[in-house]
Amino acid sequence: MIAVITQPLSYVTASPGGVTTVTLDAQNSAAKPGSTITQWVWAIVDQQNKTAIANATGRVAQVRLQPGLYQVGLLILDNTPEAKSAIAQKNFQVGPAPPLPPGIIPYDPDAPVPSPSPLPGGTQQPPVITPSATPLQGESGGRVSLPSIEDPNGDPVTVKWDLKQGEDVIKSGAGSVVSLVAVAPGTYTILVTASDGQLTATGTYTLVVKPGTAPAPPPPSPPPPAPAQLILDLRLPSLTLTEGAALEIDAGSTGVP
């Protein structure tokens, strides 16, 4: 039979206001095979005054303590007729929170959330859409890449585009590549919208779509092979025939069906 004090730990951080709730935990205590622990009795002693200041019962219990140095004692009893027991003791302290390591800022749930990566001057700027001096070129069924779009603050940029012909939107998409699948040859306008999550910029490009290159026709199929010719080589043994004699040939002996 063994008594084990899992909690409190050797140092308990005091709660604001001076009184701290301390958990007493003996769940790792164990009885001998065939018996069961039936009682858990706790006692808290103030080490400065050497006096008992709190008592509790149960496998898990709680006491409320002021900051200071303490000793906790645990007595457990089993269900055997002899009521066998075991004792454990542990010293611990209730005190202020230990100082944080250098460079660590304590968490403050009420602190304002900083804005994403402002410039040194403190100004958040929208993304910059690079203009193009000449129309973009692409083939029907292919794709065309947009010029570079950057954010002065280094923030991630989301790009969306609309492919328009006049006032009609032919297709829409996202990213820096415009798909020209099912887009007929002609002149179009690409309306680009770029956002860094706070500010948005727009720009337009002229796109000239040319006819797509037709795929090469498949090679012609090879002609079917010519039928094999059957050549019979009949070789008969030398014979001497008299005038008027008749010659009969058994086809089975030649190997020809």
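Residues numbered from 1 in each chain as written. Predicted model: local features only at pLDDT ≥ 70, side-chain atom pairs only at ≥ 80, totals over all residues. Heavy atoms only, no water.

Novice: Please set out the overall build of the protein chain residue by residue, giving values where relevant.
Specialist: Each helix and strand in the protein chain was counted, giving zero helices and 16 strands. The 257 residues of the protein chain split such that 24% are buried. Within the protein chain, counting contacts between residues at least 6 apart in sequence, those at least 24 apart form 62% of the total. Accessible surface, the protein chain as shown: approximately 17,800 Å² in total, 56% of it carbon and sulfur. (Helix = DSSP H or I, 4+ residues; strand = E, 2+ residues; numbered from the N terminus. Buried < 20%, exposed > 50% of the residue type's maximum accessible area, 1.4 Å probe, protein only. Contact = heavy atoms within 4.5 Å. Areas by Shrake-Rupley, 256 points an atom, 1.4 Å probe, with all protein chains shown as cover.)

Novice: Quick rundown of the sheet that holds strand β12 (residues 158-165)? Include the residues and the values.
Specialist: Spatially, the five strands line up as an open sheet ordered β9-β16-β15-β12-β13, and their pairing is mixed. Looking at strand neighbours, the two that pair on one side only are β9 (136-139) and β13 (168-174), the edges of this open sheet. Averaged over neighbouring strand pairs, the angle between their axes works out to 30 degrees when direction is ignored. As judged from the four bridges shared by β9 and strand β16 (residues 200-210), these two strands associate in the parallel manner. Bridged to Q137 within β16 is V208. (Pairing = 2+ DSSP bridges. Axes fitted to C-alpha atoms, helices over the stretch in contact; angles between N-to-C directions.)

Novice: Lay out the packing of aromatic side chains with the relevant residues and their values.
Specialist: The final tally for this structure, using the stated rule, is one aromatic pair. Both rings, one in Y70 and one in F92, keep their centres 5.6 Å apart while their planes meet at 25 degrees; by these two values the pair is stacked. Note that Y70 is positioned in strand β6 (residues 68-78) and F92 in strand β7 (residues 85-95), a separation of 22 residues in sequence. You'll find Y70 and F92 in the same group, each marked buried. (Phe/Tyr/Trp six-rings, centres within 6.5 Å; stacked < 30°, edge-to-face > 60°.)

Novice: So what about the sheet that holds strand β1 (residues 11-13)? Which residues, and what values?
Specialist: In space, the five strands of this open sheet follow the order β1-β7-β6-β3-β4, with mixed pairing throughout. The strands lining the two open edges of the sheet, one partner per strand, are β1 and β4 (51-57). For this sheet, the mean inter-axis angle between neighbouring strands, taken without regard to orientation, is 30 degrees.

Novice: Kindly report on unusual backbone geometry, identifying the contributing residues and their values.
Specialist: In this model, Q7 is joined to P8 through a cis peptide bond whose omega is 10 degrees. When you line up the elements, P8 lands in the segment before β1.

Novice: Quick rundown of the side chain of S35? Include the residues and the values.
Specialist: Tracing the sequence through the fold places S35 in the loop between β2 (20-25) and β3 (37-46). On the accessibility criterion, S35 (15% relative accessible area) is buried. In terms of polar contacts, S35 uses its side chain to reach the backbone carbonyl oxygen of K32, at 2.7 Å. Contacts of S35, omitting those with residues within four sequence positions, involve D78, N79 and T80. (Polar contact = N/O pair within 3.5 Å; in protein donor to acceptor, adjacent residues only side chain to side chain.)

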